[in-house]
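# Observations on the three-dimensional arrangement
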Amino acid sequence: MKRTCLALAAALAVIAAAAAAWPQAAKPAAAPLSARYEELTAPDFSRAVARSGGTCIVPLGILEKHGAHLPLGTDLIDCREVSLRAAASEYAIVFPPYFVGQIFEAKHQPGTIAYGSRMMLDFLQQTCDELARNGLKKIILVNGHGGNDAFLHYFCQSQLETPRDYVVYLFDPAYDEATEALLDKMRKTTVDGHAGEEETSVMLAHRPELVRLDRAKDESGEDQKRQAGLKNAYTGIWWYAAQPNHYRGDGSAGNAAFGQALLEAETGALVEMIRSVKKDMVTPEIQKKFFDDAAKPLETKPFVKK
Ligand SMILES: [Zn+2]
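The text that follows walks through the structure, step by step, so that each part is easy to find. (Residues numbered from 1 in each chain as written. Predicted model: local features only at pLDDT ≥ 70, side-chain atom pairs only at ≥ 80, totals over all residues. Heavy atoms only, no water.)

## Some remarks on the packing of helix H4 (residues 117-133) against helix H5 (residues 149-157)
In the contact formed by H4 and H5, the axes pass within 11 Å of each other and the chain directions differ by 55°. Here H4 lies oblique to H5, going by the angle between them. Crossing of H4 against H5: the hand is right-handed. Residues Met-120, Leu-121, Leu-124, Gln-125 and Cys-128 of H4 form the contact with H5, whose own contacting residues are Phe-151, Leu-152, Tyr-154 and Phe-155. Grouping the constituent residues of the contact of H4 with H5 by class yields eight nonpolar, one polar and no charged. (Axes fitted to C-alpha atoms, helices over the stretch in contact; angles between N-to-C directions. Helix = DSSP H or I, 4+ residues; strand = E, 2+ residues; numbered from the N terminus. Parallel < 35°, antiparallel > 145°, perpendicular 65-115°, else oblique. Left-handed = near helix turned anticlockwise from the far one by under 90°. Contact = heavy atoms within 4.5 Å. Nonpolar A, V, L, I, M, F, W, Y, C, P; charged D, E, K, R; others polar.)

Put into structure tokens, the structure is as follows:
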């Protein structure tokens, strides 16, 4: 027994000495940080906030009919793809697909989830508040859904309602003549706007298995012009009046090459925006000055010459 113990001790000493002589195994390299919010662990989230400069992208889409041939979540799927591609070039945290938005005009179609107006505003405001509470003070809204346009511009304006320590930026790519000329050369149809050539092409470029191109002509995507007699007027029913099938254009013209060009153009513009947002010190300062001044308007006296 004793001899066995001694032998064992000697063997262990040899192993320990050998181990000490071995070069230390290199520590595994730090795993790359995912840009996907939901994939980060809590410690990695803190690192991601620092690495992103406190910048978060919220990709906004909706659940609505996209013709008979594209998935209900087309806008969610496409704009998160653009967001993730951009974040791969210029790091930012990308929030999960955000589906609470304005879509009353498609309530007559199967699968539409149309939350109420106040819910939309509160949900997005509280999402931004929570992101900011977690250190994400620069929030980029990337919108993939046309029906959200007026809502999101109003949401941005409403950020001046009460003081806050973060800034909301809406992705709003400037018109680029060279890019548009390139895209126009590839474009086959003249009427587009919902589940038409563009959206079908983008989906074909990155998620072709979700496209049922054989159904693209099952319904008409033509403008019905039912309010043609109404002049110089806007009504909330305009879209339904024009496109009762909630389809505008001709998805059968879609092709992956055009979709790839669209994705690249959008991604390039978003990368440029993320870089400028990260560097932007002006907007937070101006916003703070505005809130300070708004708390004491009579003391700012902008109309009195000194
Ligand atoms: Zn869409």
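Having seen the structure, we can now continue with the description.
## Focus on the nonpolar core
For soluble globular proteins, nonpolar side chains are generally found buried alongside one another. One finds Val-58, Ile-93, Leu-124, Ile-140, Leu-141 and Leu-270 to be the most contacted residues of the largest nonpolar core, which totals 52 residues. Looking at this core element by element, the count peaks at nine residues for helix H9 (residues 256-279). With residues near it in sequence (within four places) discarded, Ile-140 still touches Thr-55, Cys-56, Ile-57, Val-58, Tyr-169, Leu-270, Met-273, Ile-274 and Val-277. The next biggest cluster of nonpolar side chains, apart from the first, holds seven residues, and it includes Ala-195, Val-211, Ala-216 and Tyr-247. (Core = buried A, V, L, I, M, F, W, Y, C linked by side-chain atoms within 4.5 Å. Buried < 20%, exposed > 50% of the residue type's maximum accessible area, 1.4 Å probe, protein only.)

## Details of the pairing of strand E3 (residues 138-143)
Two faces make up the sheet, and in a regular strand the side chains alternate between them. Most of E3 sits inside the fold, with six of its six residues counted as buried. Where strand E1 (residues 55-60) meets E3, six bridges bridge the pair, whose relative direction is parallel. What sits directly across from Cys-56, in E3, is Ile-139. When E3 meets strand E4 (residues 167-170), the two strands line up parallel, connected through four bridges. Within E4, the position partnered with Lys-138 by the bridge is Val-167. In the classification by handedness, the crossover that spans E3, the intervening H5 and the parallel E4 is right-handed. (Pairing = 2+ DSSP bridges. Right-handed = clockwise from strand over helix to strand, strands pointing away.)

## Comments concerning the side chain of Ser-158
Summarising the element assignment, Ser-158 is placed in the loop between H5 and E4. At 2.7 Å, the side chain of Ser-158 and the backbone oxygen of Phe-155 are in polar contact. (Polar contact = N/O pair within 3.5 Å; in protein donor to acceptor, adjacent residues only side chain to side chain.)

## Topic: helix H7 (residues 197-206)
Of all ten residues making up H7, eight are buried, and the element is well covered by its neighbours. Within the sequence span of H7, burial applies to Glu-197, Glu-199, Thr-200, Ser-201, Val-202, Met-203, Leu-204 and His-206. For H7, the secondary structure elements touched by its buried residues are helix H3 (74-89), helix H6 (177-186) and H9.

## Description of H4
Relative to the 24 Å expected for 17 residues at 1.5 Å per residue, H4 spans 24 Å between its end C-alpha atoms, a close match to the ideal helical length. All of the buried residues in H4 are Met-120, Leu-124, Gln-125, Thr-127, Cys-128, Leu-131 and Ala-132. Along the axis of H4, the buried residues cluster in a sector spanning 155°; they form a single face. The exposed set on the far side of H4, more than 90 degrees from its buried face, consists of Arg-118, Gln-126 and Arg-133. Of the surrounding secondary structure, the elements contacted by the buried residues of H4 are E1, E3, H5 and E4. Gly-135, located one to two residues past H4, shows a positive phi value of around 90°. (Expected span 1.5 Å × (residues − 1). Arc of directions from axis to C-beta.)

So far we have only geometry, and geometry alone does not tell us how the molecule works.
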